[in-house]
2 protein chains.
Amino acid sequence: MNLKELSALLGISQTTVSRALNDFPEVNEATRKRVKAAAIAHNYRANPRAKGLATGRSMAIGHVIPISTKHEIVNPIFADFIAAAGEVYSRNAHDMLLSVVADVDEERTYRDHAANASVDGVIVHGPKPNDSRIKLLKNLGLPFVVHGRASDDDTDYSWVDINNRRSFERATNFLLDLGHQRIALINGLEFMDFAKRRKDGFLDALGNRGVSARPEWMISNEMTENVGYQSAIAMLAQPTAPTAFIVSSMIMAIGVRRAIGEAGKKMGSDISVIIHDDALSYLPNGAGIPMFTATKSSVQHAGQLCAQMLLDIIAANDTTPRHILLETELTVGESTGPAPKC
Amino acid sequence: MNLKELSALLGISQTTVSRALNDFPEVNEATRKRVKAAAIAHNYRANPRAKGLATGRSMAIGHVIPISTKHEIVNPIFADFIAAAGEVYSRNAHDMLLSVVADVDEERTYRDHAANASVDGVIVHGPKPNDSRIKLLKNLGLPFVVHGRASDDDTDYSWVDINNRRSFERATNFLLDLGHQRIALINGLEFMDFAKRRKDGFLDALGNRGVSARPEWMISNEMTENVGYQSAIAMLAQPTAPTAFIVSSMIMAIGVRRAIGEAGKKMGSDISVIIHDDALSYLPNGAGIPMFTATKSSVQHAGQLCAQMLLDIIAANDTTPRHILLETELTVGESTGPAPKC
DNA sequence: CGCATCATTCAAAGCGCTTTGGAAAATAGC
DNA sequence: GCTATTTTCCAAAGCGCTTTGAATGATGCG
């Protein structure tokens, strides 16, 4: 069932049917009703491709996922983020176009999207300091929202981010307040912007209290369980070991917990652990009292906000940069306690 | 730069340019070269929307992710699966259209896809026994591949699945061979086909050895860390507790491990654990010797196979059902050992 | 009543591509 | 040398929609 058939069936011109369905004012209310009823009755649905061709808009949002040749970890927060964003798109009659491309082809993908308007906008994932994609998208004039921020990029653009710096500063202070002096940081790869900011927050907090950071207690690596485990095992084996860990993700922290157990220590009393919790749906931080003390911020929420912001930008046809900076909640769980007396 | 401009620029008709670019035989080899060179030089890329309108094909594959109103867990294997499938699409010049819709709207989404040919085929995720989507897609004539299978559906269709039954039968036998008699199963929700098959395999193995299954040792629930933890805690507190656990996912098993630790037991010697390992990129099963003994099968591999199978079906224009049944690897790790003498 | 105004409707062009049905040029066959 | 093919190219129609510009009928008002 297409427009032509529907209009023939109604004995009305395509123009009028189209306008009736798209809520144009210049159509009689009675005919509009009739048209809409017929559309539903005959299960008519406008072909988005034809619509896109005619309007130049695609009613689709692009997500470009670069596959790195180097480190092949698929980001575990991806599923929750996409699900949340996708739901917003669906509610707003937009499609989600996912492109999984080799990182070297990422730029070309954006250019293609812009050239033939396959999408009305894109979400940029995993920004790196001074990220080249931002300049590119600005040049292309393709609306975009960055999930996170790119430091060193002094130009303005739209983003949704959590206050990573402040978050880790607070976490560090929390541990310092508990008397911990030997605090380790197990972080993500530092070419990721969030990891860099978290480290800054950590260092600032230590510096402000006159505690010097030890390089051997600051790990930056892939965010896997195993990395958490290996890092913690290594640090706990040192003659003077940390009494507390700040860990950038739940998954890494699970490895840290394993290491603590194997070292014969008890998490919470012997060794404190504080994590950043993305509130992944399949990794709830315990039921009732959280398993881990955490700086918490739902990545699903971020996904919704990103999606909505982008849709707003597109709808308003106004790319003036918008920002949302989310503060994390510092929620106390069972993994932290006062520093043990040496 | 569009076809018209390009052809004007070359002084050749649109027809010929189009045919040259699409490798039709009836075009002079010299002009074809010239056209292709010009296309590259001017960075011409055919508008997929216009192409789709003209051909009726979309060069896109749909993935419909139903958001349940009841249990809001986003499947953690999703990210790896999608990344792997998406990469195959990209290599084959296809797009991936993701629709995240309320489960009640899922059917409508398929109908829409079919009605206006927004996609050339779809992947069906998380089949349930006797899944209605399969009938629907057959009726719609939309090519599809199911990741998994729908038991009780005696009609034939294309799928890629792992041998869940056999896998869990082997795992159970492995534990029985080690002398375990009190074996618990911590499984996913049983309306998911894979969970049902795993349970069958488990029960078969026990039955064949004359060991009777205890209902209170068979859990079926969301596959989260916390569920694994709570389930194991509860079972370990019983007067006669299981000496071994078979766990349907790594994430649940992490919770089980936590429970074992808190119960003052040691995994591997006191309590054995064997898991199914989807080989998620962010959850490697230890480095070197696996942390968990596991039936292993890479979900990324499954994603590639599904994607490729669907593309093959579409390219061959032949929907004769195809099947791939993957056997899992039983890899021995540190989480299993002989049953303790009672 | 006659003309301007407004509310509705429509025919047709256009979005960027493919494809049909010829036509022109080149080659072959005798 | 002339017709029959084959090769190579093209104009135009069509995919399903929106949108422009114009037409129609109804209404208002002096």
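That block above? That's the structure.
Residues numbered from 1 in each chain as written. Chains lettered and ligands numbered in written order. Predicted model: local features only at pLDDT ≥ 70, side-chain atom pairs only at ≥ 80, totals over all residues. Heavy atoms only, no water.

Draft legend 1. Here's a closer look at the pattern of salt bridges. Counted according to the given criterion, the structure contains 40 salt bridges over all chains. Residue Asp161(B) is joined to Arg149(B) by a salt bridge in which the shortest nitrogen-to-oxygen separation is 2.9 Å. Pair noted here: Asp161(B) is in strand 5 (residues 159–162) and Arg149(B) is in the loop between strand 4 (144–147) and strand 5, with a separation of 12 residues, a long-range link. The pair Asp161(B) / Arg149(B) is uniform in exposure class, with both members buried. Of the charged contacts, one joins Asp204(B) and Arg165(B) as a salt bridge, the two residues approaching to 3.1 Å between their closest N and O atoms. In this pair, Asp204(B) is assigned in helix 9 (residues 193–208) and Arg165(B) in helix 8 (residues 164–177), connecting sequence segments 39 residues apart. The class of Asp204(B) is partly exposed, set by a relative accessible area of 32%. Through salt bridges that share partners, Asp23(A), Glu29(A), Arg32(A) and Lys36(A) make up one connected network. (Salt bridge = Lys/Arg side-chain N within 4 Å of Asp/Glu carboxyl O. Helix = DSSP H or I, 4+ residues; strand = E, 2+ residues; numbered from the N terminus. Buried < 20%, exposed > 50% of the residue type's maximum accessible area, 1.4 Å probe, protein only.)

Draft legend 2. Looking closely at the relation of the copies chain B and chain A. Superposition record for chain B on chain A: RMSD 0.2 Å, screw rotation 180°, translation along axis 0.1 Å. The transformation just described matches what one would write down for a two-fold rotation axis. Mapped onto chain A, 98% of the interface residues of chain B are again interface residues, and the two copies thus contact each other with one and the same surface. (Least-squares fit on C-alpha atoms with pLDDT ≥ 70 in both. Contact = heavy atoms within 4.5 Å.)

Draft legend 3. Spotlight on unusual backbone geometry. Residue and element names in this part refer to chain B. The residue Met59 is not glycine, and still its phi comes out positive at about 55°. With respect to the helices and strands, the residue Met59 is situated in the loop between helix 4 (48–55) and strand 1 (60–67). For Ala279, which is not glycine, the phi dihedral falls at a positive 55°. Assignment of secondary structure puts Ala279 in the loop between strand 9 (272–277) and strand 10 (293–296).

Draft legend 4. View of the protein's contact with DNA strand C. Residues in contact with DNA strand C amount to 28 residues; listed here are only the nearest, Thr15(A), Leu3(B), Ser18(B), Arg19(B) and Tyr44(B). Near-protein atoms of DNA strand C (within 4 Å) split between backbone and bases, with sugar and phosphate holding 62%. Here a base nitrogen of DNA strand C and a side-chain polar atom of Arg19(A) are 3.4 Å apart. In this structure, Thr31(A) approaches DNA strand C through a side-chain N or O atom, which is 3.2 Å from a phosphate oxygen. Secondary-structure elements contributing two or more residues to the surface near DNA strand C are helix 2 (14–21) and helix 4 (48–55) of chain A together with helix 2 (14–21) and helix 4 of chain B. Split into classes, the residues belonging to the surface near DNA strand C amount to 11 nonpolar, 13 polar and four charged. (Near = heavy atom within 4 Å. Polar contact = N/O pair within 3.5 Å; in protein donor to acceptor, adjacent residues only side chain to side chain. Nonpolar A, V, L, I, M, F, W, Y, C, P; charged D, E, K, R; others polar.)

Draft legend 5. Quick look at the protein's contact with DNA strand D. Inspection of the region around DNA strand D gives 29 residues, with Leu3(A), Ser18(A), Arg19(A), Tyr44(A) and Thr15(B) positioned closest. For DNA strand D, the fraction of atoms within 4 Å of the protein that belong to sugar or phosphate moieties is 60%. Within the contact set of DNA strand D, a phosphate oxygen lies 2.7 Å away from a side-chain nitrogen or oxygen of Tyr44(A). Here a base nitrogen of DNA strand D and a side-chain polar atom of Arg19(B) are 3.2 Å apart. Listed by contribution, the elements that provide at least two residues to the surface near DNA strand D are helix 2 and helix 4 of chain A together with helix 2 and helix 4 of chain B. The biggest single contributor to the surface near DNA strand D is helix 4 of chain A, with five residues. Split by residue class, the surface near DNA strand D holds 11 nonpolar, 13 polar and five charged.

Draft legend 6. Broad picture of the packing of helix 1 (residues 3–10) of chain B against helix 2 of chain B. All names here are of chain B. Between helix 1 and helix 2, whose axes approach to 9 Å, the crossing angle comes to 105°. Here helix 1 is positioned roughly perpendicular relative to helix 2, judged by the angle of their axes. Residues Leu3, Lys4, Leu6, Ser7 and Leu10 of helix 1 form the contact with helix 2, whose own contacting residues are Gln14, Val17, Ser18 and Leu21. Looking at the contact of helix 1 with helix 2 residue by residue, the class counts come to five nonpolar, three polar and one charged. (Axes fitted to C-alpha atoms, helices over the stretch in contact; angles between N-to-C directions. Parallel < 35°, antiparallel > 145°, perpendicular 65-115°, else oblique.)

Draft legend 7. Representation of the nonpolar core. Within the largest apolar cluster, 115 residues are counted, with the highest numbers of intra-cluster contacts made by Phe245(A) and Phe245(B). The leading source of residues in this core is helix 12 (residues 299–316) of chain A, at nine residues. When residues no more than four places from it in sequence are discounted, the contact partners of Phe245(A) are Leu175(A), Ala184(A), Ile186(A), Ala232(A), Met235(A), Leu236(A), Val256(A), Ile271(A), Ser272(A), Val273(A) and Ile274(A). Of all hydrophobic cores here, the second largest spans 34 residues; its members include Ala60(A), Leu97(A), Leu137(A) and Val119(B). (Core = buried A, V, L, I, M, F, W, Y, C linked by side-chain atoms within 4.5 Å.)

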